[in-house]
Structures are given as structure tokens and as C-alpha cells.
Amino acid sequence: MQYHSGNYADMQAVRVDIRFDAYDNESGNAKAKIMAKFQRKTTEERKDEIRRGAVQTFLKKGYRNTTMEDIVASTTLSKGGVYRYFKSTKEIMLSLMHEGNILSRERLRVLFDKAEENADVCALFSQALIEKLFAENPLKRLYLMFVTEIVYDAEFEKEWQKLNADFYPILRADFLEWKNEKPDLAEAFLNLLEKLDLDFLGALVNALLMQYELFSDKRVLRSKKDFLYGIFYDYCKDRIKR
């Protein structure tokens, strides 16, 4: 296989890191509980606070060792306030996984906005995959916990299948909307999505993602960024020709 002469480093001008912030200061959280008495929050703000508290707690204790009481303690809400929006740790975890899909779309949106109308769509798509693999984002660690639960809970596998099934149709709808801004580039992306074997590509990216997140030594895959970028790029080019 011949690899693309460009590399991932060449694409850094349009690099984006998306992070999911979480409370990590116990004293600060205690102060926030006091201040919360004087603040009115919207439904989405409350849900977001619960999700942020859950991220902190899941990362600290692991999904299986986390209780709803732990998550309540990580927020400024009462027990009843948390249960009003989420009934279980599973429900919160599934909500966070849907957040991950949103972040993937946002990452492509940033690349789309920064790209020229005649940009190489395979280069942009390959960069998005590399960003998905290597961006520092705690949701990736949570994804590993989520996938592990498939072994024990059939509902997690159903939700995983739904997340994957929903993602690309939503992404297609995004590009159809974005055609009003950059019609040629959006059409090129739509054509690429039609040509790619998305099941295979998803399985490959998931395998790499789990390998990268599972072990503390990140050097093995990080040292091969350009190589992986080349694989994605050449695969896209090959599929477009068909």
C-alpha cells in the first residue's frame, strides 16, 4: 500500500481539541452548593451539571462502583433534584455517550468551517478520525467503560448499535444543511459517506480507540500518527474511485 505523501502534522493548522470539563475540586463544589441556593438554573443547566458530576465520579470510581448517591454528592442538587432528570447511573452513562456523538459532529463542523471550498475531503475526514483517536477527552475513557458493560448487559449493546446507526444519518443531514455555506465541499463529504464502508471503518476506529485508552503507555500509537493518517487517507481515496 502506498501512503499519502502528506501527514497528520501538515493538518495542524485546523486542529481542534474538544474537552468535557468536570468538577474536580471538593471544596469548590461545597462552595457551589451554597451559591446554588441563590441561583436559578434551567433544565439543561441542571442536566449538564449532573452529567459533569457523573463524569468526575465515573472517572474516579469506575462505572460499576458508582452509585446515584455518589453522583448526587458531586452536584449542587438535592437527591430529588437529580432523580427528577435521571433515574439511574445507566441512564446518565447513556446520555454521556450521546454527548460523544455530538462532539464528533462538532469536530467535523470546525474542520468544515476552516476548510476551503476545494479542500481535499479525504484529508479532512482522515484528520477528524485522528482527532477522535488522540484528542484528550474524558468521554473516551467513559466510552471504554460503556463498551465493557456490553459483556454484562444486553441493553448496552442495543444502545451501542443505536448510537452507531444514528450517527451517520445525522451527519448526512448536517452536510445537507451545510451545503448552503460551501456546496462543493458538502457534496464531496456526502459522496464520501456514500462510498465508505462505515461498518468496517467504525470497527477499525473503535478497536484503535479501545487499545489507546486501555493502556497507560500511549507511545505505541502516538508514534504512528502519520502512519494511521495515511491508512485512513488512502482508504478514503480508494473508496472514492469505486
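Only a predicted model underlies this, so the values are computations on that prediction, with no experimental measurement involved.

A. Geometry of the overall build of the chain. Broken down by element type, the chain carries 12 helices and zero strands. Secondary structure of the chain in N-to-C order comes out as α-α-α-α-α-α-α-α-α-α-α-α. For the chain, with 242 residues in total, the buried portion stands at 45%. When contacts within the chain are restricted to residue pairs at least 6 apart in sequence, those whose partners lie at least 24 apart make up 77%. Split by element, the accessible area of the chain, about 13200 Å² in all, is 52% carbon and sulfur.

B. The arrangement of helix 8 (residues 154-178) in detail. For helix 8, with 25 residues, the first-to-last C-alpha span of 37 Å sits near the 36 Å given by 1.5 Å per residue. Of all the residues in helix 8, the buried ones are Phe156, Glu159, Leu163, Phe167, Tyr168, Leu171, Asp174, Phe175 and Trp178. Here the buried face of helix 8 lies against helix 5 (89-114), helix 7 (138-148), helix 9 (183-195) and helix 10 (198-214). Of the residues that open helix 8, the one with a side-chain oxygen 2.9 Å from the backbone nitrogen of Glu155 is Asp153.

C. Region of interest: the packing of helix 6 (residues 121-134) against helix 10. At a closest axis distance of 9 Å, the pairing of helix 6 and helix 10 adopts a crossing angle of 35°. Mapping the contact onto sequence places Phe125, Leu129, Lys132, Leu133 and Phe134 in helix 6 and Leu201, Val205, Leu208, Leu209, Tyr212 and Glu213 in helix 10. Considering only residue class, the contact of helix 6 with helix 10 consists of nine nonpolar, no polar and two charged.

D. Molecular detail of the environment of Arg105. Note that Arg105 resides in helix 5. The exposure class of Arg105 is partly exposed, given its relative accessible area of 25%. Between the C-alpha atom of Arg105 and that of Ala128, which follows or precedes it by 23 residues, the distance is 9.5 Å. Excluding residues within four positions of it along the chain, Arg105 makes contact with Phe167, Ile170, Leu171, Asp174 and Trp178.

E. Region of interest: the environment of Glu91. Relative to the helices and strands, Glu91 resides in helix 5. Overall, the relative accessible area of 33% leaves Glu91 in the partly exposed class. At 3.1 Å, the side chain of Glu91 and the backbone nitrogen of Lys87 are in polar contact.

F. Region of the structure containing the pattern of salt bridges. For the structure on display, the rule yields 19 salt bridges. Salt bridges linked by common partners bring Glu44, Arg51 and Glu99 together as one network.

G. Molecular detail of the packing of aromatic side chains. Across all of its chains, the model carries 13 aromatic pairs by this definition. Ring geometry for Tyr143 and Phe146: centres 6.3 Å apart, planes at 35°, overall tilted. With Tyr143 and Phe146 both in helix 7, this residue pair falls three residues apart, about one helical turn. A single burial state applies to Tyr143 and to Phe146, both of which are buried. On the numbers, 5.4 Å between centres and 50° between planes, the contact of Phe146 with Phe156 is tilted. On the criterion of sequence distance, the pair formed by Phe146 in helix 7 and Phe156 in helix 8 is long-range, its members being 10 residues apart. Judged by its relative accessible area of 0%, Phe146 falls in the buried class. Owing to a relative accessible area of 1%, Phe156 belongs among the buried residues under this scheme. Pairwise contacts between aromatic rings join Phe58, Tyr63, Tyr143, Phe146 and Phe156 into one cluster. The side chain of Arg64 reaches across the aromatic face of Tyr152, ending 4.1 Å from its centre. Taking the ring centre of Tyr212 as reference, the NZ or CZ of Lys218 above it sits at 4.8 Å.

Quick notes on the rules
- Residues numbered from 1 in each chain as written.
- Predicted model: local features only at pLDDT ≥ 70, side-chain atom pairs only at ≥ 80, totals over all residues.
- Heavy atoms only, no water.
- Helix = DSSP H or I, 4+ residues; strand = E, 2+ residues; numbered from the N terminus.
- Buried < 20%, exposed > 50% of the residue type's maximum accessible area, 1.4 Å probe, protein only.
- Contact = heavy atoms within 4.5 Å.
- Areas by Shrake-Rupley, 256 points an atom, 1.4 Å probe, with all protein chains shown as cover.
- Expected span 1.5 Å × (residues − 1).
- Polar contact = N/O pair within 3.5 Å; in protein donor to acceptor, adjacent residues only side chain to side chain.
- Axes fitted to C-alpha atoms, helices over the stretch in contact; angles between N-to-C directions.
- Nonpolar A, V, L, I, M, F, W, Y, C, P; charged D, E, K, R; others polar.
- Salt bridge = Lys/Arg side-chain N within 4 Å of Asp/Glu carboxyl O.
- Phe/Tyr/Trp six-rings, centres within 6.5 Å; stacked < 30°, edge-to-face > 60°.
- Lys NZ or Arg CZ within 6 Å of the ring centre and 35° of its normal.

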